[in-house]
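# Structural characterization, general
Listed here are the chains, written in short residue letters.
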Amino acid sequence: MNEIAGMLVSALGQGFIYAPMALGVFLTFSILKTPDLTVEGSFVFGMTACVVVTIAGHPILGLVAGTLAGAAAGLCTGLLQTKLKIEPILSGILTMTGLYTVNYAILGGQSNRYLQYEAKNSLGVTVNKPADTVYKIFQRDFGKDMSSGMTAFLLTMIIVIVTCAVLVTFFRTRNGMAIIATGDNEEMVRSSSINADVSRIGGVMISNALVAFSGALLCQYQKYADLNCGNGMLVMGLASVIIGLTFFSNHSVTIQAVGVVLGSLLYRIIIQIAYKIDMPSYAVKLLSAVIVVIALVIPWLQKTYKKKGGRR
Amino acid sequence: MSSQLKLTDITKKFEANTVNEKVALDHLNLTVEPGQFVTVLGSNGSGKSTMFNVILGSLFPDEGKVYLGDKDITKLKDYKRALNIGCLYQNPLRGTAPNLTIEENLALAYTRKASPSFFALNKKDSAYFREVLSTLGMGLEDRMKTKIGLLSGGQRQAASLLMATIAEPELLLLDEHTAALDPGAAEKVMALTKKIVEENKITTLMITHDMEYALEYGSRTIMLDSGKIVMDLTGKEREEMTTGKLAELFYGKAHKRG
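Per chain, residues are indexed from 1 in the order of the written sequence. Chains carry letters from A onward and ligands carry numbers from 1 onward, assigned in written order. Residue-level local features of this predicted model are given only where pLDDT is at least 70; pairs of side-chain atoms are given and counted only at 80 or more, and the full residue set underlies all totals for whole chains, interfaces and linings.

### Points about the overall build of chain A
Check the secondary structure of chain A and you find twelve helices and four strands. Restricting the calculation to C-alpha atoms gives the radius of gyration, and the globule rule supplies 2.2 Å times the number of residues raised to the power 0.38. Relative to its length of 312 residues, chain A is compact, with a C-alpha radius of gyration of 20 Å against a globular reference of 20 Å. The long-range fraction of contacts in chain A, counting pairs at least 24 apart against all pairs at least 6 apart in sequence, stands at 75%. Elements are defined by DSSP. Helices are runs of H or I of four residues or more, strands are runs of E of two residues or more, and each kind is numbered from the N terminus. Residues are defined as contacting one another if the C-beta atoms placed from their backbone atoms lie within 7 Å.

Right, dumping it as structure tokens:
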């Protein structure tokens with residue numbers, strides 16, 4: 001029983017950490033209706049920016065830096081899409097590819113960097129102490145009686161609920177609504193005298209800021225940043241979005257956003273169960289891809305099946 | 001408030017300097033007085049749509065100038081012009097965002113005149129939207145929270161008409177906006193158009209292929225052919241024109257060219 005509860009907490013904890021990323025993918029894929037591959041780069045960009053600032057001793061600023069880094073990546077993709085008229089998919093690939101170099105440079109020419117890194121010089125004096133993270137601070141201040149896994153889970157949950165609430169509120173403002181309408185009918189937005197390019201760039205920026213925020217959270221949670229963490233991120237995000245939207249496709253954007261967070265949780269539970277039945281960890285990506293394919297095909301199958309049923 | 005629209009010496013070529021060169025607008029001159037309702041005739045390829053696109057800013061002319069009121073808007077970006085120009089197309093899907101509600105669509109269209117508020121929807125504007133929707137007589141005022149994509153073509157076009165005019169534009173462009181509707185819905189939308197245009201005295205250009213509409217609505221009828229205005233009817237001359245004679249003229253032009 002305890003084992004299952006522990007597994008669930010771990011799965012949900014991860015689900016919450018990746019939830020902002022799923023919300024970011026939701027924003028481009030489902031609201032702006034232009035799939036954005038920047039995600040794979042901006043997730044790592046969030047990690048690398050965060051790891052550097054966190055090591056310098058500012059864990060909260062680390063999360064902020066990671067988020068801003070993502071926004072900058074989004075700005076780049078957005079400008080490529082709108083001002084230079086490059087195909088959205090290619091724009092994302094270009095930014096993602098360029099970011100690899102940037103991320104590598106930020107990590108100082110290594111492929112990963114640890115927050116726990118402790119070094120002693122030749123005299124045996126500690127010159128480098130493990131960096132503080134928001135999770136450690138939270139544990140120290142509020143979670144003395146709880147396990148570290150539990151406090152991490154609680155903190156991430158609170159952060160994600162706040163993030164989701166802010167995003168949902170934003171969608172109800174005029175600028176937020178303009179972004180939804182831009183994905184729906186860009187021409188209508190322009191004829192309402194709203195600069196659709198700005199809406200589009202803004203949307204891609206917010207999307208990547210969310211993705212990078214996820215990366216920054218993961219970095220502090222697992223206490224290291226790694227260049228390979230972004231691989232397959234878009235498909236994982238899509239899996240969460242599609243699982244979430246299966247249940248809420250015809251609802252308002254507010255409910256859909258909540259659905260996406262739930263989708264992220266559900267996705268991690270599925271993955272956790274797969275691990276439990278001895279799936280090797282390298283099989284996650286194939287499993288994610290298969291989930292996305294199945295989820296995309298089901299509505300189409302339902303339609304054809306219904307049509308046939310109707311003819312009889 | 002309505003303004004004068006003036007096109008001076010507009011030329012627009014597609015694929016210029018190639019064997020496929022097509023002159024869409026050929027030194028076109030047109031002045032529409034404030035509050036005037038002009039119907040525009042012309043066969044396919046005569047330059048009507050190009051003229052609209054030049055006025056709207058989705059195409060820039062090779063030569064010539066576009067004035068709205070006393071402002072030169074030739075180089076102004078399309079979304080900036082949209083502040084003063086409302087537009088409605090044949091396809092009811094073009095003017096609305098299907099996944100937003102009727103209320104939200106109106107709120108976006110009303111952006112330039114909206115009351116300041118943190119959220120896009122506010123009580124004051126919503127009350128106003130309800131009031132204007134009720135003038136349509138379609139019961140849409142009770143369905144303001146419905147996604148606009150769920151409405152019928154006629155309802156959606158009527159809503160688009162409201163969206164195009166709700167922020168009181170100086171100029172209204174109608175591109176065969178009833179052509180895709182069934183006859184009943186078309187009549188209804190035309191009647192609404194007439195009412196809104198007359199009440200607000202908006203300068204209006206309406207492209208139509210319906211000879212009856214061309215003479216019945218507005219006070220002036222022009223015909224385009226090969227990028228030029230080949231007929232301009234007002235006053236007595238227009239009153240004496242019949243749909244039969246107009247059709248003859250129309251097909252004569254089309255035939256000669258084809």
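### Details of the environment of asparagine 185 of chain A
Mapping asparagine 185 of chain A onto the fold places it in the loop between helix 7 (174-184) and helix 8 (186-191). On the basis of neighbour counts, which here come to 22 C-beta atoms within 10 Å, the residue asparagine 185 of chain A falls in the buried class. When the C-alpha positions of asparagine 185 of chain A and alanine 196 of chain A are compared, they lie 9.8 Å apart, and in sequence the two are eleven residues distant. Look past the residues within four positions of asparagine 185 of chain A in its chain and what remains in contact with it is Thr96 and Ala97 of chain B. The burial criterion counts other C-beta atoms lying within 10 Å of a residue's C-beta, which is placed from the backbone; the residue is buried at 20 or more, exposed at 12 or fewer, and partly exposed between these limits.

### Let's talk about the nonpolar core
Residue and element names in this part refer to chain A. Think of a nonpolar core as buried Ala, Val, Leu, Ile, Met, Phe, Trp, Tyr and Cys residues chained together by C-beta atoms that fall within 7 Å. Phe26 and Met47 are the most contacted members of the largest nonpolar core, which totals 153 residues. Looking at this core, the element that brings in the most residues is helix 9 (residues 196-222), giving 14 residues. Every residue in contact with methionine 47, bar those within four places of it in the chain, is listed here: Gly66, Gly215, Ala216, Leu218, Cys219, Ala225 and Cys229.

### Examining the packing of helix 5 (residues 134-141) of chain A against helix 6 (residues 148-171) of chain A
Residue and element names in this part refer to chain A. One way to put it is that helix 5 packs onto helix 6 with a least axis distance of 9 Å and a crossing angle of 110°. Taken together, helix 5 and helix 6 sit at an angle that is classed as roughly perpendicular. Residues Val134, Tyr135, Phe138 and Gln139 of helix 5 lie in contact with helix 6, whose contacting residues are Ser148, Thr151, Ala152 and Leu155. Its residues assigned to classes, the contact of helix 5 with helix 6 comprises five nonpolar, three polar and no charged. The axes are straight lines fitted to the C-alpha atoms, using for helices just the contacting stretch, and the angles between their N-to-C directions are given from 0 to 180°. With respect to orientation, any angle under 35 degrees is reported as roughly parallel, any angle over 145 as roughly antiparallel, any angle of 65 to 115 as roughly perpendicular, and every other angle as oblique. Think of it as three bins: nonpolar holds Ala, Val, Leu, Ile, Met, Phe, Trp, Tyr, Cys and Pro, charged holds Asp, Glu, Lys and Arg, and polar takes everything else, Gly as well.

### Quick look at unusual backbone geometry
All names here are of chain B. A positive phi angle, near 50°, is found at glutamate 168, a position not held by glycine. In this structure, glutamate 168 sits in the loop between helix 5 (153-165) and strand 7 (171-175). Glutamate 168 gets classed as partly exposed once you count the C-beta atoms within 10 Å, which come to 13. In this model, lysine 201 sits at a positive phi of 50°, which is unusual for a non-glycine residue. On the basis of neighbour count, lysine 201 is assigned to the partly exposed category, with 13 C-beta atoms found within 10 Å.

### A closer look at the interface of chain B and chain A
Contact with chain B, which involves 20 residues of that partner, is made by 18 residues of chain A. Those elements that place two or more of their residues in the side of chain B that touches chain A are helix 2 (78-81) and helix 3 (102-109) of chain B. Looking at which element gives the most residues to the side of chain B that touches chain A, the answer is helix 3 of chain B, with three residues. Taken together, the residues that form the side of chain B that touches chain A break down as twelve nonpolar, four polar and four charged.

### Some thoughts on the confidence of the model for chain B
Low-confidence regions, as indicated by low pLDDT, have predicted coordinates that should not be scrutinised in detail. All names here are of chain B. The predicted model of chain B has a mean per-residue pLDDT of 89, with 97% of residues at 70 or higher. For every residue, the predictor assigns a confidence score, pLDDT, that lies between 0 and 100. At the level of individual helices and strands, chain B shows its lowest average pLDDT in helix 9 (residues 243-257), which scores 75, and its highest in strand 8 (residues 203-207), which scores 95. If you check the scores for this complex, the pTM reads 0.88 and the ipTM reads 0.86.

### What about the sheet that holds strand 4 (residues 63-68) of chain B?
Pairing between the strands of a sheet is mediated by backbone hydrogen bonds and can be parallel or antiparallel. Residue and element names in this part refer to chain B. Here, a strand pair is defined by DSSP locating no fewer than two bridges between the strands. Strand order in the open sheet formed by four strands is 2-1-4-5, with antiparallel pairing between adjacent strands. In this open sheet, the two strands that pair with only one neighbour each are strand 2 (22-32) and strand 5 (71-72). Judged from the two bridges that link them, strand 4 and strand 5 form a sheet pairing that is antiparallel. Bridging across to strand 5, tyrosine 67 finds its partner in aspartate 72. Helix 1 (residues 48-56) contacts strand 1 (5-14), strand 2 and strand 4 of the sheet and is inclined by roughly 65° relative to strand 2.

### Overview of the UniProt feature "transmembrane region" (unreviewed entry) in chain A
Residue and element names in this part refer to chain A. UniProt positions are given in the numbering used here, feature names are shortened, and annotations may be inferred rather than shown by experiment. As recorded in UniProt, the feature "transmembrane region" (unreviewed entry) lies at residues 7-31, 43-76, 88-107, 150-171, 230-248, 255-275 and 281-301. Along residues 230-248 the backbone is 84% helical and 0% strand, and the end-to-end C-alpha distance reaches 27 Å. In the segment residues 281-301, helix accounts for 86% and strand for 0%; the C-alpha atoms at its two ends are 31 Å apart.

### Observations regarding helix 4 (residues 88-106) of chain A
The terminal C-alpha atoms of helix 4 of chain A, which comprises 19 residues, lie 26 Å apart, in line with the 27 Å expected from a rise of 1.5 Å per residue. Three or more residues of helix 4 of chain A are buried, namely Pro88, Ser91, Gly92, Thr95, Met96, Leu99, Asn103 and Ile106 of chain A. A helix is expected to span 1.5 Å for every residue after the first.

### Focus on helix 7 of chain A
The buried fraction of helix 7 of chain A amounts to nine of the eleven residues, a majority that puts the element mostly inside the structure. Contacts from the buried residues of helix 7 of chain A go to helix 1 (2-31), helix 6, helix 8, helix 9 and helix 11 (253-276) of chain A together with helix 3 of chain B.

### As for the packing of helix 2 (residues 39-55) of chain A against helix 9 of chain A
Residue and element names in this part refer to chain A. Two elements in contact, helix 2 and helix 9, have axes separated by 7 Å at closest approach and are oriented at 50°. By the angle between their directions, the pair helix 2 and helix 9 is classed as oblique. In terms of crossing hand, the pair formed by helix 2 and helix 9 is right-handed. Counting all contacts with helix 2, which are made through Val39, Ser42, Phe43, Val44, Phe45, Gly46, Met47, Cys50, Val51 and Thr54, the residues of helix 9 involved are Asn208, Val211, Ala212, Phe213, Ser214, Gly215, Ala216, Leu218, Cys219 and Gln220. Of the residues in the contact of helix 2 with helix 9, the class split is 13 nonpolar, seven polar and no charged. Each crossing gets its hand from how the near helix is turned against the far one by less than a right angle, where anticlockwise is left-handed and clockwise is right-handed.

### A short note on the UniProt feature "domain: ABC transporter" (unreviewed entry) in chain B
According to UniProt, the feature "domain: ABC transporter" (unreviewed entry) maps to residues 5-251 of chain B in the numbering used here. Across residues 5-251 of chain B, the secondary structure splits into 34% helix and 25% strand, with the terminal C-alpha atoms separated by 28 Å.

### Description of the sheet that holds strand 6 (residues 85-88) of chain B
Residues and elements named next belong to chain B. Taken together, six strands build an open sheet; the order of strands is 6-7-8-3-9-10 and the sheet is mixed. Here the strands that pair on one side only, and so sit at the sheet edges, are strand 6 and strand 10 (228-234). Pairwise comparison of adjacent strand axes, ignoring direction, gives a mean angle of 20° for this sheet. Taken together, the five bridges between strand 7 and strand 8 define a ladder with parallel strand orientation. Within strand 8, the position partnered with aspartate 175 by the bridge is isoleucine 207. On the sheet, helix 1 packs against strand 3 (37-41), strand 6, strand 7, strand 8 and strand 9 (220-225) and is oriented at approximately 150° with respect to strand 7. Here helix 5 sits on the sheet in contact with strand 6 and strand 7, set at roughly 170° to strand 6.

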